[in-house]
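So the chains spell out like this:
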Amino acid sequence: MSLSQRDQEHNWHPYTQHKTSLPAVAIVKGEGALLWDEDGKEYIDAIASWWVNPFGHSNRYLADAIYKQLTTLEHVLFGGFTHEPAVVLSEKLMRILPSNQAKLFYSDNGSTAVEVAIKVALQFHYNQGLPKTKILAFENAFHGDTFAAMAASGISFFTEAFQGSLLEVVRVPLPTNGNETEAYALFEKQVQTGEFAAFIFEPLVQGAAGMLMYEATVLDRYLSLCKQHQLLTIADEVMTGFGKTGRNFACDYLTQQPDMLCLSKALTGGTIPMAITSFTQEIFEAFYSEDTNKALFHGHTFTANPTGCAAAIASLELLESAAMQEQIQAIHAQHLLFQTKLSTHPRVKTIRVLGVIFALEIQTKSDQAYYGQLRNNLYAYFLENGVVLRPVGSTIYILPPYIITPEQLQKIYQVIENALVEVQE
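The rules we used
- Residues numbered from 1 in each chain as written.
- Predicted model: local features only at pLDDT ≥ 70, side-chain atom pairs only at ≥ 80, totals over all residues.
- Heavy atoms only, no water.
- Helix = DSSP H or I, 4+ residues; strand = E, 2+ residues; numbered from the N terminus.
- Rg over C-alpha atoms; globule rule 2.2 N^0.38 Å.
- Buried < 20%, exposed > 50% of the residue type's maximum accessible area, 1.4 Å probe, protein only.
- Areas by Shrake-Rupley, 256 points an atom, 1.4 Å probe, with all protein chains shown as cover.
- Lys, Arg positive; Asp, Glu negative; His and termini not counted.
- Charge placed at Lys NZ, Arg CZ, Asp CG, Glu CD.
- 1 Å grid on protein atoms, 1.4 Å probe; cavity = no way out; pocket = protein on both sides within 12 Å on 5 of 7 lines; lining within 4 Å.
- Points joined across faces, edges and corners; volume = space filled by probe spheres on them.
- Nonpolar A, V, L, I, M, F, W, Y, C, P; charged D, E, K, R; others polar.
- Axes fitted to C-alpha atoms, helices over the stretch in contact; angles between N-to-C directions.
- Contact = heavy atoms within 4.5 Å.
- Polar contact = N/O pair within 3.5 Å; in protein donor to acceptor, adjacent residues only side chain to side chain.
- Salt bridge = Lys/Arg side-chain N within 4 Å of Asp/Glu carboxyl O.
- Core = buried A, V, L, I, M, F, W, Y, C linked by side-chain atoms within 4.5 Å.

Caption draft 1: Region of the structure containing the overall build of the protein chain. In terms of regular secondary structure, the protein chain is built from 14 helices and 16 strands. The C-alpha radius of gyration of the protein chain comes to 22 Å, within 12% of the 22 Å expected for a compact globule of 425 residues. Along the three orthogonal principal directions, the C-alpha set of the protein chain runs to about 65 × 55 × 45 Å. Within the protein chain, buried positions represent 54% of all 425 residues. Per element, the accessible surface of the protein chain, about 19,400 Å² overall, is 52% carbon and sulfur. Distance between charge centroids for the protein chain: 2 Å, based on 28 positive and 43 negative side chains.

Caption draft 2: Highlighting empty space enclosed by the protein. For the structure on display, the rule yields one cavity of 30 Å³ or more. Along the walls of the largest cavity sit K132, V191, G194, E195, F196, H229, Q230 and L231, which together make up its complete lining. Along the lines of polarity and charge, the residues of the lining of the largest cavity split into three nonpolar, three polar and two charged.

Caption draft 3: Spatial organisation of the packing of helix 11 (residues 306-320) against helix 12 (residues 322-342). Two elements in contact, helix 11 and helix 12, have axes whose closest approach is 5 Å; the angle formed by their N-to-C orientations is 65°. When helix 11 is examined against helix 12, the residues L318, L319 and E320 are found in contact with a partner set consisting of A322, M324, Q325 and I328.

Caption draft 4: The side chain of S107, seen in detail. Among the secondary structure elements, S107 is positioned in strand 4 (residues 101-107). Looking at S107, its side chain comes within polar contact range of the side chain of T112, at 3.2 Å. Discounting chain neighbours no more than four positions away, the residues touching S107 are T112, A113, M274, A275 and H300.

Caption draft 5: Broad picture of the pattern of salt bridges. This model, assessed by the stated rule, comprises six salt bridges. Residues E361 and K349 are paired through a salt bridge, measuring 3.8 Å at the closest nitrogen-oxygen approach. With E361 in strand 14 (residues 357-362) and K349 in strand 13 (residues 348-354), the pair connects residues that are twelve residues apart, well separated along the chain. We note a salt bridge from R352 to E361, for which the minimum N-O separation is 3.5 Å. Each of K134, E168 and E195 takes part in a single network of salt bridges with overlapping partners.

Caption draft 6: Spatial organisation of the nonpolar core. Within the largest apolar cluster, 109 residues are counted, with the highest numbers of intra-cluster contacts made by L89, F199, L360, L389 and I412. Non-local contacts of L360, meaning those with residues more than four positions away in its chain, are made with L342, V348, T350, I351, S394, T395, I396, I416 and L420.

Given below as structure tokens:
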């Protein structure tokens, strides 16, 4: 039996309807932007394996840092203990996070980073005798699959089986496509009620919704209103963080600063699961008390895992290198050229570009489901042609490793161009 066939015996894959989906491709090796399956077929990883792998597969710099840490201290509990990798990582992050951030809380993945932020927002008010249980969020958001993160998300088929078991969340339209004035009025009306513990948002780009984008100046206005009404703000930078938008964080485009940031995915360069939620000093002080019950009673067995912290330190060193910053800018420039080339294509509805993110929406005859036939046809076509892309409905997006070569990126563009001609609804 092949590895792929053996996989089907026992493994349950994420976001997969196993009765109708293609068998999982068995990958046996990765290097740089490339992956190889068990039959020796080569693929370009055009989405950095769900946005986590900016520095390429089997990166030696990351591997060496991980190996060194594994032979020094692989893990120690973070309850009552600390270690050098966690301290060094916190110091490095504080130098690049928004200047109002002061404290870091470690967890395991993007969803739990959001879960921590929402729990903190709720308890922040509870600790002060002003319990608020509602969350404000954008429509079509995606913040994760744990319960609070699910509640804050707005893609209904991901969450509809759990309605009635979730926090109360009010969703407002994303301020884009010319609806900014109307969307802000609806947002302002909700904020003025004073009923919400926090406003959570994906800054500038809604990833799982199809790389929907909106302007920094618009988001600044939202955050300014929240500040006026003492409404806590949570920036979910799980996807956008660590260079994706062309800056370290999407919030770096803002003049206003969020109260909390959620980080994961590229944090460790795609090597070890880890997440961080950062907070202002004011938030931390609402938990700092003689009353033990006001502490944040939340934790994970692998909180601040030393090996993960070592990987994150090495990842930040790579990100901050001049060579990597040049790569990010070069990818952005290539995306803009491809955008210009396809701007008049009859099957292209819209194209959106920010940093290394490229999103192309196909003109369709009817609304396309998130996992509809067009998406499935495109996905199969891309795999057949040696490119890993996961379209969202009728939207094709590229979010490549920063180390991708110009030739590899051009191949991705060419395969997309061919798909526009050859793949139908």
